[in-house]
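# What the coordinates show
Here is what each chain is made of, one letter per residue.
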Amino acid sequence: MNILVDLGSSAELTSSESEILTLARQLADGGVVSVLTHVPAEDGFVSAVGEYGVGRVLAPEKAAEDLSATDTALLEAAVDAASATLVLGPSTADVTEWFGRLSVRRGAAVITDAVALAEDQTVTKSVLAGSYTTTVRPQTDLVFITVKPNSLDAEKAESASTPQVQALEASGSRPAARITGSSPKPVSNRPGLTEARVVVAGGRGLDGDFSLVEQLADELGGAVGASRAATDAGWIDHSAQVGQTGVTVSPQLYVSVGISGAIQQRAGMQTSKVIVAVNKDEDAQVFEIADFGVVGDLNTVLPQAIEELKRRKA
Ligand SMILES: Cc1cc2nc3c(=O)[nH]c(=O)nc-3n(C[C@H](O)[C@H](O)[C@H](O)COP(=O)(O)OP(=O)(O)OC[C@H]3O[C@@H](n4cnc5c(N)ncnc54)[C@H](O)[C@@H]3O)c2cc1C
């Protein structure tokens, strides 16, 4: 099977993208894995994807100045150039939109937010705010699937490949919008929230002070998340909100601090591998899904946890 992996505008390979390349190699079973990047392919990017056994990199010669329509046309050109029957990509807003647009045009199935994908293309995903885990199997010859971060372990190929780089042209597309300005994201030393292997999230119980949550996150090399109560109160940026109307995370470890565990919060974190909850109310809903629970005041529990981590590192 020939598989195309759309890595969006990625110039450097992230951990979740490495996971998707690993999945593609496992499923290809002798077929070619091609990668589409929507920006010109740098040598470092090409050799990084080569470590995952990618056979071909498809890329435009220059970055597009327009939004949306160009990207979907580029994806269509890549699907044809790769003779792909399965197209995989990360569960980002951009890739999900391009997959949706092209799947309609090509009469193909599209499945978003997969957490597992079997050889027979049976996809596992969670739906309805995480209340159900479903399995679905597409019935079309061409299939688009987005995969959630931290769904599997990334593993490099036994021997690295030297991908062939092929220039792509997105012809016949009209711009859907024009970029008139952009500003870079503030730089943070912490990992991205949706990518992080550890997330420490705080809620209303923090009473406005995220410093203990931030310290614990830094000791664990993790990202900082929050409940909607905390973001609505303006204690932390809305981009940190985890849940039904925030981001969905699936880290190896999710530490929930001063969060009650309402269904809308659970929808964004309940597929985490290990959940640790700190809450002073022993009847808090979060303990229903926690693997480990600490009943206590976070202002007493967190400093001890931070001290112990520091002591073990020393
Ligand atoms: C349509 C809709 C969408 C929503 N989307 C989201 C979403 O995406 N994400 C989200 O999080 N919520 C969402 N919500 C809101 C959700 O229903 C809850 O109101 C919210 O998650 C509550 O946040 P919280 O747990 O921080 O606050 P609370 O429910 O007030 O809980 C605070 C917790 O902190 C504990 N606590 C207090 N002090 C301490 C202390 N000193 N030490 C230890 N524990 C302490 C308390 O015992 C309590 O359990 C949504 C709601 C709706 C209606």
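First, a word on what this report is: a plain description of the structure on this page. Owing to the predicted nature of the structure, the values given are computational and were not obtained by experimental measurement.

Once that is clear, we can look at the layout of surface pockets. Within this model, the largest pocket holds a volume of roughly 1200 Å³. Forming the walls of the largest pocket are 44 residues, and the residues nearest its centre are Pro90, Ser91, Thr92, Asp94 and Val95. For the lining of the largest pocket, the elements supplying multiple residues, two or more each, are α1 (15-28), β4 (66-67), α4 (93-106), β6 (109-114) and β8 (123-127). At 4 residues, the largest contribution of residues to the lining of the largest pocket is made by α4. Of the residues assigned to the lining of the largest pocket, the class counts are 16 nonpolar, 18 polar and 10 charged.

All right, on to the environment of Pro191 then. Topologically, Pro191 is positioned in the loop between β12 (177-178) and β13 (198-202). Overall, Pro191 belongs to the partly exposed group, its relative accessible area being 33%. Separated by 27 residues in sequence, Pro191 and Asp218 place their C-alpha atoms 9.9 Å apart. Beyond its immediate sequence surroundings of up to four residues, Pro191 is in contact with Ala196, Gly221, Gly222 and Ala223.

The final tally for this structure, using the stated rule, is 1 aromatic pair. Plain terms: the ring middles of Phe99 and Phe144 are 5.2 Å apart, the flat faces sit at 55° to each other, and that makes the pair tilted. Residue Phe99 is located in helix α4, and its partner Phe144 is located in strand β10 (residues 143-147); the two are separated by 45 residues in the primary sequence. By relative accessible area, Phe99 is classed as buried at 0%. Residue class for Phe144 comes out buried when judged on its relative accessible area of 0%.

Next up on the list: the environment of Val110. Of note, Val110 is situated in strand β6. Once you skip the residues sitting within four places of it in the chain, Val110 turns out to touch Phe99, Gly100, Ser103 and Phe144.

Right, let's get into unusual backbone geometry. Most peptide bonds adopt trans geometry, and most residues besides glycine take a negative phi value. One non-glycine residue, Asp29, lies in positive phi territory at about 50°. As for its position among the elements, Asp29 is in the loop between α1 and β2 (33-36). A relative accessible area of 71% means that Asp29 is categorised as exposed.

Taken together, 24 residues surround the ligand, and among them Arg204, Ser227, Thr245, Ser260 and Asn279 come closest. In this structure, Ser227 approaches the ligand through a side-chain N or O atom, which is 2.5 Å from an oxygen atom. Contact with the protein chains hides 75% of the accessible area of the ligand, taken as 980 Å² for the molecule alone. Those elements giving two or more residues to the shell around the ligand turn out to be α6 (228-232) and α7 (263-266). Grouping the amino acids of the shell around the ligand by side-chain chemistry returns 5 nonpolar, 14 polar and 5 charged.

Attention shifts here to the pattern of salt bridges. All chains considered together, the criterion is met by 13 salt bridges. For Glu51, the salt bridge is made with Lys156, and the minimal N-O distance between the two is 2.8 Å. Of this pair, Glu51 sits in the loop between α2 (43-50) and β3 (56-60) while Lys156 sits in the loop between β10 and β11 (164-168), and the two are 105 residues apart along the sequence. On the basis of relative accessible area, Glu51 is assigned to the partly exposed category, the value being 30%. Residue Lys156 is classed as partly exposed on the basis of its relative accessible area of 48%. Between Asp232 and Arg228 there is a salt bridge, with the nearest N and O atoms lying 3.3 Å from each other.

With respect to the element layout, Ser272 can be found in the loop between α7 and β16 (274-279). Taking relative accessible area as the criterion, Ser272 reaches 6% and is therefore assigned buried. If near-sequence neighbours (up to four positions away) are discounted, Ser272 is found in contact with Val249, Ser250, Pro251 and Tyr254.

What counts, and at which threshold
Residues numbered from 1 in each chain as written. Predicted model: local features only at pLDDT ≥ 70, side-chain atom pairs only at ≥ 80, totals over all residues. Heavy atoms only, no water. 1 Å grid on protein atoms, 1.4 Å probe; cavity = no way out; pocket = protein on both sides within 12 Å on 5 of 7 lines; lining within 4 Å. Points joined across faces, edges and corners; volume = space filled by probe spheres on them. Helix = DSSP H or I, 4+ residues; strand = E, 2+ residues; numbered from the N terminus. Nonpolar A, V, L, I, M, F, W, Y, C, P; charged D, E, K, R; others polar. Buried < 20%, exposed > 50% of the residue type's maximum accessible area, 1.4 Å probe, protein only. Contact = heavy atoms within 4.5 Å. Phe/Tyr/Trp six-rings, centres within 6.5 Å; stacked < 30°, edge-to-face > 60°. Near = heavy atom within 4 Å. Polar contact = N/O pair within 3.5 Å; in protein donor to acceptor, adjacent residues only side chain to side chain. Areas by Shrake-Rupley, 256 points an atom, 1.4 Å probe, with all protein chains shown as cover. Salt bridge = Lys/Arg side-chain N within 4 Å of Asp/Glu carboxyl O.

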